[in-house]
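Single-letter residue listing:
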Number of protein chains: 2
Amino acid sequence: MYIVVSFKDNIVIMSNIELKNAGLKITLPRVKILSKLESSENHHMSAEDIYKELINDGEVISLATVYRVLTQFEAAKIVIRHHFESDGNSQAVFELNHGDHHDHMVSLKTGKVVEFYDEIIENRQKELAKEYNFKIVDHSMILYGEFLDEE
Amino acid sequence: MYIVVSFKDNIVIMSNIELKNAGLKITLPRVKILSKLESSENHHMSAEDIYKELINDGEVISLATVYRVLTQFEAAKIVIRHHFESDGNSQAVFELNHGDHHDHMVSLKTGKVVEFYDEIIENRQKELAKEYNFKIVDHSMILYGEFLDEE
DNA sequence: CTACGTGCAAACGGTTTGCAATTCC
DNA sequence: GGAATTGCAAACCGTTTGCACGTAG
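Criteria and thresholds
- Residues numbered from 1 in each chain as written.
- Chains lettered and ligands numbered in written order.
- Predicted model: local features only at pLDDT ≥ 70, side-chain atom pairs only at ≥ 80, totals over all residues.
- Heavy atoms only, no water.
- Core = buried A, V, L, I, M, F, W, Y, C linked by side-chain atoms within 4.5 Å.
- Buried < 20%, exposed > 50% of the residue type's maximum accessible area, 1.4 Å probe, protein only.
- Helix = DSSP H or I, 4+ residues; strand = E, 2+ residues; numbered from the N terminus.
- Contact = heavy atoms within 4.5 Å.
- Near = heavy atom within 4 Å.
- Polar contact = N/O pair within 3.5 Å; in protein donor to acceptor, adjacent residues only side chain to side chain.
- Nonpolar A, V, L, I, M, F, W, Y, C, P; charged D, E, K, R; others polar.
- Pairing = 2+ DSSP bridges.
- Axes fitted to C-alpha atoms, helices over the stretch in contact; angles between N-to-C directions.
- Buried area = accessible area lost by both parts, 1.4 Å probe.
- Salt bridge = Lys/Arg side-chain N within 4 Å of Asp/Glu carboxyl O.
- Arc of directions from axis to C-beta.

A.B. asks: Could you give an account of the nonpolar core, naming the residues involved and the relevant values?
C.D. replies: All names here are of chain B. Ranked by internal contacts, the top residues of the largest apolar core, which has 21 residues, are Leu19, Ile33, Leu37, Ile50, Leu70 and Phe73. Broken down by secondary-structure element, the contributors of at least two residues to this core are α2 (28–39), α3 (47–56), α4 (63–75) and β3 (93–96). When sequence neighbours within four positions are dropped, the list of residues in contact with Leu19 reads Leu24, Ile26, Arg30, Val31, Leu34, Phe73 and Ile78.

A.B. asks: Can you break down the protein's contact with DNA strand D residue by residue, with the values?
C.D. replies: Residues in contact with DNA strand D amount to 21 residues; listed here are only the nearest, Thr27, Arg30, Thr65 and Arg68 of chain A together with Tyr67 of chain B. Atoms of DNA strand D within 4 Å of the protein belong to the sugar or the phosphate in 74% of instances, the rest to bases. One nitrogen or oxygen atom from the side chain of Tyr67 of chain B is found 2.3 Å from a phosphate oxygen belonging to DNA strand D. Contributions of two or more residues to the surface near DNA strand D are made by α2 (28–39) and α4 (63–75) of chain A together with α4 of chain B. Here the surface near DNA strand D is composed, by residue class, of 10 nonpolar, five polar and six charged.

A.B. asks: So, the sheet that holds strand β5 (residues 113–116) of chain B: which residues are in play, and what are the values?
C.D. replies: Judged by pairing direction, the sheet is mixed, and its six strands sit side by side in the order β5(A)-β4(A)-β6(A)-β6(B)-β4(B)-β5(B) without closing on themselves. The open sheet has two edge strands with one neighbour each: β5 (113–116) of chain A together with β5 of chain B. Going from strand to strand, the sheet's axes swing by 25 degrees on average, the running direction of each strand aside. Packing of helix α5 (residues 119–131) of chain A onto the sheet brings it into contact with β4 (103–107) and β6 (134–147) of chain A together with β4 (103–107), β5 and β6 (134–147) of chain B, and relative to β6 of chain A it is tilted by some 140 degrees. The sheet contacts of helix α5 (residues 119–131) of chain B involve β4, β5 and β6 of chain A together with β4 and β6 of chain B, and relative to β6 of chain B the element is tilted by about 140 degrees.

A.B. asks: Please give an account of the protein's contact with DNA strand C that cites residues and values.
C.D. replies: Near DNA strand C you find 21 residues, and of these Tyr67 of chain A together with Thr27, Arg30, Thr65 and Arg68 of chain B are the closest. Backbone atoms, meaning sugar and phosphate, form 73% of the atoms of DNA strand C found within 4 Å of the protein. In this structure, Lys25 of chain B approaches DNA strand C through a side-chain N or O atom, which is 3.4 Å from a sugar or linking oxygen. Ser62 of chain B places a polar main-chain atom, nitrogen or oxygen, 3.2 Å from a phosphate oxygen of DNA strand C. Class assignment of the residues belonging to the surface near DNA strand C gives a composition of 10 nonpolar, five polar and six charged.

A.B. asks: I'd like a rundown of the interface of chain B and chain A, residues and numbers included.
C.D. replies: Across the boundary between the two partners, chain B contributes 34 residues, which contact 34 residues of chain A. Summing the contributions of chain B and of chain A, the shared interface buries around 3200 Å²; its carbon and sulfur component is 67%. If you sort the residues of chain B by the area they bury against chain A, Tyr132, Asn133 and Phe134 of chain B come out on top, with a joint share of 18%. Counting the contacts that link chain B with chain A gives two salt bridges. Arg124 of chain A is the salt-bridge partner of Asp118 of chain B, the closest N and O atoms lying 2.8 Å from each other. Our enumeration of links across chain B and chain A arrives at 12 residue pairs in polar contact (both at pLDDT 80 or more). When residues of the side of chain B that touches chain A are traced back to their parent elements, those giving at least two are β4, β5, α5 and β6 of chain B. Of all the elements, β6 of chain B adds the most residues to the side of chain B that touches chain A, at 14 residues. Residue composition of the side of chain B that touches chain A, by class: 19 nonpolar, seven polar and eight charged. Sheet topology places β6 of chain A next to β6 of chain B; 13 bridges connect them, and they run antiparallel.

A.B. asks: Just give me the short version of α3 of chain B, but keep the residues and values in it.
C.D. replies: All names here are of chain B. Listing the buried residues of α3 in full gives Ala47, Ile50 and Leu54. Buried residues of α3, viewed axially, fall in a sector of 70 degrees; they line one side. Residues of α3 that are buried sit in contact with α2, β1 (45–46), α4 and β3.

The structure is reproduced here in structure tokens:
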């Protein structure tokens, strides 16, 4: 199967490799969703964001499929699911998993998301875990507020 | 109105003051819920936890009221609402607000919650915010894993 | 007395699922 | 061709809400 999803052919090919590695068939919906996540502006989209944008692009896809595919991608570690509490509504947002761990600053005004990584905090978390006899499997750290240079 | 909720009279009286300060009438459901939060083992309960335990105690209350009261308590800063992602289910948990900021370690096995506070991390967050030109309004930091001394 | 609070059941919003039709390999 | 995937609509689950009744102050 050959699919032209965007002009960035390298990205399409990469997608296919990712899917293959995950043991997932390369289907149109999956490629569309990956492509959308790759091209999205702030790289953090809800299932509905993805669905609406695809529909807007004239694509044919169902919301159920978006959810199913994202769940599979999460299991395959292709994407990471987050639950930002920004706007009170509790919908999950997804970002591509580039393998680099990072935390998030989320704007309460615009929803803008910035990723950051801090060695000092990471180390301190490990020290604290040891102190409390706790084995960290995962962690989430999100700063909510606003960027002072936002329009 | 005089209500005997528990033998710890001081706690009942404190509850009433909290409610009064929040401009909330002292009603039976509210006192029961506060009392349950105060007496709960790990101090982090979902609305349904509270509801079920009260029903189990032979109390008469509706789940809708538990939700409504908890929402009012949150607005009045009597409780804090959290969204732990431990068990995949996304139900909110509530804890009494004792005014001291802290973060959480959550056991994925038992749901046990331990609070901690670390000056180094807090300072580092502030430094990072400055660096990114970001004004922190709130933050959440949760470590998920397991306590090595758990049964 | 009356404004506020409650219970019930129905609605809600995000997400999941059963099933028949379709697609990839 | 046959297993995997999709679309549709219905179910789901935690939470919220409209309304008639009940209760605190």
